[in-house]
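Structural features, examined
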Amino acid sequence: GASLAKTQQGLALCTSAIHKLTCQASVTIGSSKKAAGPPAWWWSGLALSAAVACGSEKFARTPLLLYIGASVAVVASRRLMAPNKRPPTAAETQTLDAIRADLKTPFDEATHGDLLKRLWKAGLDGPFERRSQKWQLLGFQGADPTTDLRACKLLGLKTLVTFLETSPRHAEAILESRRITGDFDPRKPGFYPVACAGIEVTAFLCELCGLRGPNGAPPPAELPPSNRWAALVGTRTSFDECFAAVLRALDRRFDDERGDYMGFASVRDAVFADVREALDRGESTVERSLKLAPGAWGATKPDYAGYLDKLPASSPTVWKSTS
């Protein structure tokens, strides 16, 4: 009786200690919230090991101690092997400088007018119109799209053009599902202004790069060490690839939650939190961590590729495609 009581007391102390060690290592995939502790499978394994240990005289401690030792090793390796924060490399700094220049450059009709024509050609039908209500079909607020570029200036326009031109199937799937049918009702599920959302994604990525402060505040005086540089600006196309992945993830989350115009901000904030978490874990690509269909499918066959992102985030069709 006394021996069993001591064993149970020791088991309780070990369980409590391992719970504290693993609490930070457990992350709920696809959610911006940390789990309250180790996942269910961990507790199941611990309970099984404890049952074997308490019910066996010959192997009284071996299974439980092995399980605890392995768990501690996993947690320790995750902490020790976590990506180190570092300043951007010379090549990454050049990419950041180019992004910063576009972020500070206001739209100029004579210099940048062709970008509007490319955006129209990529997303709208018919002859180009500089001012038209058709721009609202892309998710701008009025007849002149340049009025929505104030937050990110030329950079906001360039990222939209790149997305529509390089990922036409993803872009088409998003735009077709976000167009208003009938009278506008802000509580009706299904609509948010895609172009304006894209500009918010650009601003968010600039904030992650240290090029813009929160809510338009001035950026930090110096670029801080970070483990995000490889994913954000590791190559010349990394920033645009991140933009495409975040916008697609936002659209899928909006579908999952049957979002409406009034609830768009909460969906946006949840996705931005997921992206921050993925980058802080040192993920090399945001697309993979968010369980999206491969980005290249947006430019090549199969034609239904853009609609894979419309499936729920938990759908095997989506996550198996990235493995």
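Residues numbered from 1 in each chain as written. Predicted model: local features only at pLDDT ≥ 70, side-chain atom pairs only at ≥ 80, totals over all residues. Heavy atoms only, no water.

1. As for the overall build of the chain
A count of helical and extended segments in the chain gives 14 helices and zero strands. Mapped from its N terminus to its C terminus, the chain presents α and β elements in the order α-α-α-α-α-α-α-α-α-α-α-α-α-α. In the chain, buried positions account for 42% of the 323 residues. Pairs at least 24 residues apart make up 65% of the contacts formed inside the chain by residues separated by at least 6 positions. Working note: accessible area of the chain is about 17400 Å², and carbon and sulfur atoms make up 58% of it. (Helix = DSSP H or I, 4+ residues; strand = E, 2+ residues; numbered from the N terminus. Buried < 20%, exposed > 50% of the residue type's maximum accessible area, 1.4 Å probe, protein only. Contact = heavy atoms within 4.5 Å. Areas by Shrake-Rupley, 256 points an atom, 1.4 Å probe, with all protein chains shown as cover.)

2. Structural notes on the environment of arginine 253
Tracing the backbone through its elements, the reader meets arginine 253 in helix H10 (residues 238–256). Placed 18 residues apart in sequence, arginine 253 and valine 271 show a C-alpha to C-alpha distance of 7.5 Å.

3. Side note on the nonpolar core
Judged by nonpolar contacts, the single largest core of 60 residues is most densely connected at Leu119, Leu205 and Val275. Listing elements by their share of this core, those giving two or more residues are helix H4 (90–104), helix H5 (109–123), helix H6 (153–166), helix H7 (168–177), helix H8 (194–208), helix H9 (229–233), H10 and helix H11 (264–280). (Core = buried A, V, L, I, M, F, W, Y, C linked by side-chain atoms within 4.5 Å.)

4. A closer look at the side chain of aspartate 144
Tracing the backbone shows aspartate 144 in the loop between H5 and H6. Accessibility expressed as a relative area gives 15% for aspartate 144, which makes it buried. At 2.8 Å, the side chain of aspartate 144 and the side chain of arginine 130 are in polar contact. Here aspartate 144 is in contact with Arg130 and Arg131, once residues within four sequence places are set aside. (Polar contact = N/O pair within 3.5 Å; in protein donor to acceptor, adjacent residues only side chain to side chain.)

5. A look at the packing of aromatic side chains
Applying the stated rule across the entire model yields 12 aromatic pairs. Centroid distance phenylalanine 191 to tyrosine 261: 6.1 Å. Interplanar angle 20°. Geometry classified as stacked. Highlighted residues: phenylalanine 191 in the loop between H7 and H8 and tyrosine 261 in the loop between H10 and H11, separated in sequence by 70 residues. Under the relative-accessibility criterion, tyrosine 261 is labelled partly exposed at 36%. Taken together, a centroid distance of 4.8 Å and an interplanar angle of 70° make the contact between tyrosine 192 and phenylalanine 254 edge-to-face. Placement of the pair is tyrosine 192 in the loop between H7 and H8 and phenylalanine 254 in helix H10, with a sequence separation of 62 residues. Judged by relative accessible area, tyrosine 192 falls into the buried class, the value being 1%. Under the relative-accessibility criterion, phenylalanine 254 is labelled buried at 1%. These aromatic residues form a ring-pair network of at least three members: Trp120, Phe128, Trp135 and Phe140. (Phe/Tyr/Trp six-rings, centres within 6.5 Å; stacked < 30°, edge-to-face > 60°.)

6. Digging into the packing of H8 against H10
Two elements in contact, H8 and H10, have axes separated by 10 Å at closest approach and are oriented at 125°. On the basis of the axis angle, H8 is oblique to H10. Handedness of the crossing formed by H8 with H10: right-handed. Contacts between H8 and H10 pair Ala197, Gly198, Val201, Thr202, Leu205 and Cys206 from the former with Phe239, Cys242, Phe243, Val246, Leu247 and Leu250 from the latter. Per-class residue counts for the contact of H8 with H10 are 10 nonpolar, two polar and no charged. (Axes fitted to C-alpha atoms, helices over the stretch in contact; angles between N-to-C directions. Parallel < 35°, antiparallel > 145°, perpendicular 65-115°, else oblique. Left-handed = near helix turned anticlockwise from the far one by under 90°. Nonpolar A, V, L, I, M, F, W, Y, C, P; charged D, E, K, R; others polar.)

7. So, the packing of H7 against H10
At their nearest, the axes of H7 and H10 sit 11 Å apart, and the two run at 35° to each other. Helix-helix and strand crossings are classified by hand; for H7 and H10 the assignment is left-handed. Contact residues: His170, Ile174 and Ser177 in H7; Leu247, Arg248 and Asp251 in H10. The class makeup of the residues in the contact of H7 with H10 is two nonpolar, two polar and two charged.

8. Brief notes about the pattern of salt bridges
Counted under the stated rule, the structure contains 17 salt bridges. Note that glutamate 165 is salt-bridged to arginine 118, the shortest N-O span being 2.8 Å. With glutamate 165 in helix H6 and arginine 118 in helix H5, the pair connects residues that are 47 residues apart, well separated along the chain. You can call glutamate 165 partly exposed: its relative accessible area is 36%. Look at arginine 118 and you get partly exposed, because its relative accessible area is 39%. (Salt bridge = Lys/Arg side-chain N within 4 Å of Asp/Glu carboxyl O.)

9. A short note on the confidence of the model for the chain
On average, residues of the chain score 80 in pLDDT, and 66% of them reach the 70 mark or higher. Low pLDDT, under 50, characterises residues 22–36; the predicted model gives this stretch 30 contacts beyond four residues in sequence or across chains. Here residues 314–323 scores under 50 on pLDDT; set against residues more than four positions off or in separate chains, the count is 20 contacts. (pLDDT = per-residue confidence, 0-100.)

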